[in-house]
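Below, each chain spelled out in residue letters.
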Amino acid sequence: MLYPMLLNPALHTRVWGGRRLESELGKTLPTYEPYGESWELHDSAVIANGAHAGRTVGEVLAALGPALVGDGFDLSEGFPLLIKFLDANDWLSVQVHPDDAQARALENQPRGKTEAWVVLDAVPGARLVIGVTPGTDRAAMAQAIAANTLEDLLVYAEVTAGDVLYMAAGTVHALGPGTLIYEVQQSSDLTYRLYDWGRVGLDGQPRPLHIDKGVQVSNVDTTPPISRAAASDSEPIIRGAFFTTYLHRLDGQPLALDTARRDFHALTCTAGTVSVGAGGEALTLQRGDTALIPAHLGAYTLTGSGDVLRSLPARA
């Protein structure tokens, strides 16, 4: 059975996290620890409604195959995209991700990790790391990490709500304090940590670094541009090799959308309240909710007043 599937988030404590996933996005945080990530759509996400309630996305993918995800995917590799919210109350580690070829060569994994960020909120003066000074020698980069002076080579950028960054694999990056982020990425958790600001993890121990592989895959020549998210029903705010993301701003008028039996759509409400209607059934999304629209569902409608980020796989 195909219908709009509401997803339960998976919440993850992080040494750099805070409490905004609860205070601003409505997630119930089960302990008083710092929470940094809410995984919204992923293989182990549990469906909250309808005939598949209680099953994971991975289980439903195994049962429905292309009807859920669309044609052309290797189902043994799992769901192709991962969507998260990130609450950075402190600096994330400075890190980098391999591309697909590097992931196969270095880790025997099928996917690297290209990702994109939409800044939902940022305190005044909030900054990100978006690379190293172009032209940095890799040997100098490794030496700076060993000497705890990598900060001198990093490129920082201030961000505000509505900023968008496409972070191709190989981009050295880090989220800074006071940022609340929507992230869409290839479904991979391959991360090479280059620098962790001299701190310890929640267990009181230093978190491991991955200097050799991290320096090897780092882009030392360019930094990504920062764009602004402009709501449009036809023009995406993110257009990349692996995913495309639209920002829909609803003002009470219905918006007709269609998967065309081609691609799944991932809907995340980032403001207001929005109803998803398909086949005579309706699903209400509040701020912070994510729903999966199966590829073979076809036509559906969004109504209400609010903002929805709609992500789907990119096609050649």
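Note that the structure is a prediction, hence the values are computed from the model and not measured.

Colleague: Would you mind going over the overall build of the protein chain with me for this structure?
Modeller: The secondary structure content of the protein chain amounts to six helices and 21 strands. Expected size for 316 residues packed as a compact globule is a radius of gyration near 20 Å; at 19 Å, the protein chain falls within 12% of this value. When its C-alpha atoms are laid out on the principal axes, the protein chain stretches across 60 × 40 × 40 Å. Split into buried and exposed, the 316 residues of the protein chain put 53% on the buried side. Long-range contacts, defined as pairs at least 24 residues apart, comprise 76% of the intrachain contacts of the protein chain with a sequence gap of at least 6. Of the roughly 12,800 Å² of accessible surface on the protein chain, a fraction of 49% belongs to carbon and sulfur atoms. Where the 23 positive side-chain charges of the protein chain centre and where its 36 negative ones centre are 2 Å apart.

Colleague: Looking at this structure, I do not really get the packing of aromatic side chains. What am I missing?
Modeller: Aromatic ring pairs are described here by two measures, namely the spacing of the ring centres and the angle between the planes. Taken as a whole and assessed by the stated rule, the structure comprises six aromatic pairs. Ring geometry for F79 versus F264: centroids 4.6 Å apart, planes at 50 degrees, classification tilted. Placement of the pair is F79 in the loop between α3 (66-69) and β5 (81-88) and F264 in the loop between β17 (255-258) and β18 (265-278), with a sequence separation of 185 residues. F264 gets classed as buried once you look at its relative accessible area, which sits at 0%.

Colleague: Hey, could you run me through the sheet that holds strand β9 (residues 154-158) in this one?
Modeller: Two orientations exist for strands paired in a sheet by backbone hydrogen bonds: parallel and antiparallel. What the three strands build is an open sheet, ordered β9-β8-β11; its pairing is antiparallel. Only two strands of the sheet have a single partner each, and these edge strands are β9 and β11 (174-175). Sheet analysis places strand β8 (residues 127-132) next to β11, joined by two bridges and oriented antiparallel. Looking at the pairing, V129 lines up with A174 of β11.

Colleague: Before we go on, may I ask you to explain the side chain of H173 in this structure?
Modeller: Take H173: it is sitting in the loop between β10 (163-167) and β11. Excluding residues that lie within four positions of it along the chain, H173 makes contacts with S93, V94, Q95, V96, H97, E115, W117, V129 and M167.

Colleague: Would you take a moment to explain the nonpolar core for this structure?
Modeller: Burial of nonpolar side chains together is a common tendency in soluble globular proteins. The biggest cluster of nonpolar side chains holds 34 residues, and the ones touching the most others in it are L41, F79, V118, Y182, V184, I238 and L292. At the level of elements, β1 (5-8), β3 (35-41), α2 (57-64), α3, β5, β7 (115-122), β12 (179-186) and β16 (243-251) are the ones that each hand at least two residues to this core. Sequence-distant contacts of V118, defined by excluding residues within four places in its chain, comprise D163, V164, L180, I181, Y182, I237, I238 and L309.

Colleague: Could you clarify how one ought to interpret the pattern of salt bridges in this entry?
Modeller: In a structure, side chains of opposite charge can pair up when their charged atoms sit close to one another. All told, the structure shown has 16 salt bridges when counted by the stated rule. Between R20 and E24 there is a salt bridge whose closest N-O contact spans 2.7 Å. Look at the salt bridges and you will find they share partners, linking R14, E37, K84 and E183 into a network.

Reading the values: rules and limits
Residues numbered from 1 in each chain as written. Predicted model: local features only at pLDDT ≥ 70, side-chain atom pairs only at ≥ 80, totals over all residues. Heavy atoms only, no water. Helix = DSSP H or I, 4+ residues; strand = E, 2+ residues; numbered from the N terminus. Rg over C-alpha atoms; globule rule 2.2 N^0.38 Å. Buried < 20%, exposed > 50% of the residue type's maximum accessible area, 1.4 Å probe, protein only. Contact = heavy atoms within 4.5 Å. Areas by Shrake-Rupley, 256 points an atom, 1.4 Å probe, with all protein chains shown as cover. Lys, Arg positive; Asp, Glu negative; His and termini not counted. Charge placed at Lys NZ, Arg CZ, Asp CG, Glu CD. Phe/Tyr/Trp six-rings, centres within 6.5 Å; stacked < 30°, edge-to-face > 60°. Pairing = 2+ DSSP bridges. Core = buried A, V, L, I, M, F, W, Y, C linked by side-chain atoms within 4.5 Å. Salt bridge = Lys/Arg side-chain N within 4 Å of Asp/Glu carboxyl O.

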